[in-house]
Amino acid sequence: MIKAFQIISILEGISLLLILFVTMPLKYGFDNPEPNQIIGMAHGLLFLTYVVMAILVKSELSWNFKTLLIVLVCSIIPFGTFWLDKRYLKGKA
């Protein structure tokens with residue numbers, strides 16, 4: 001479960017960065033909303049999966065509530081999931 005969460009967290013982080021630095025400029029700078037719709041849907045699914053898996057992994061890694069909150073906040077901060085992987089998940093899987 002931890003390895004699957006690592007993969008989802010990295011994919012979620014990449015999708016957030018794609019939205020912020022690729023599809024949003026395309027949407028607002030070049031009037032091209034299609035990439036944003038596609039990546040946005042993928043990001044939404046990855047985000048929901050990330051949240052559910054974080055809750056499931058909480059007990060497996062014996063995280064307290066504060067750690068779970070930090071992990072959840074990492075999903076909305078650019079590059080946060082990469083930091084999370086290094087800080088809380090490396091060597092656990």
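Relevant structure appears above.
Residues numbered from 1 in each chain as written. Predicted model: local features only at pLDDT ≥ 70, side-chain atom pairs only at ≥ 80, totals over all residues. Heavy atoms only, no water.

(A) Representation of the nonpolar core in the model. Core analysis: the largest hydrophobic core is formed by 16 residues, its most contacted members being Phe5, Tyr50, Trp63, Val71, Leu84 and Leu89. Listing elements by their share of this core, those giving two or more residues are helix H1 (2-29), helix H2 (34-60), helix H3 (65-74) and helix H4 (80-89). Once you skip the residues sitting within four places of it in the chain, phenylalanine 5 turns out to touch Tyr50, Met53, Ala54, Val57, Trp63, Val71, Leu84 and Leu89. (Core = buried A, V, L, I, M, F, W, Y, C linked by side-chain atoms within 4.5 Å. Buried < 20%, exposed > 50% of the residue type's maximum accessible area, 1.4 Å probe, protein only. Helix = DSSP H or I, 4+ residues; strand = E, 2+ residues; numbered from the N terminus. Contact = heavy atoms within 4.5 Å.)

(B) Structural detail: the pattern of salt bridges. Within this structure, the stated rule accounts for one salt bridge. Put simply, aspartate 85 and lysine 90 hold a salt bridge, and the shortest N to O gap is 3.3 Å. Owing to a relative accessible area of 7%, aspartate 85 belongs among the buried residues under this scheme. (Salt bridge = Lys/Arg side-chain N within 4 Å of Asp/Glu carboxyl O.)

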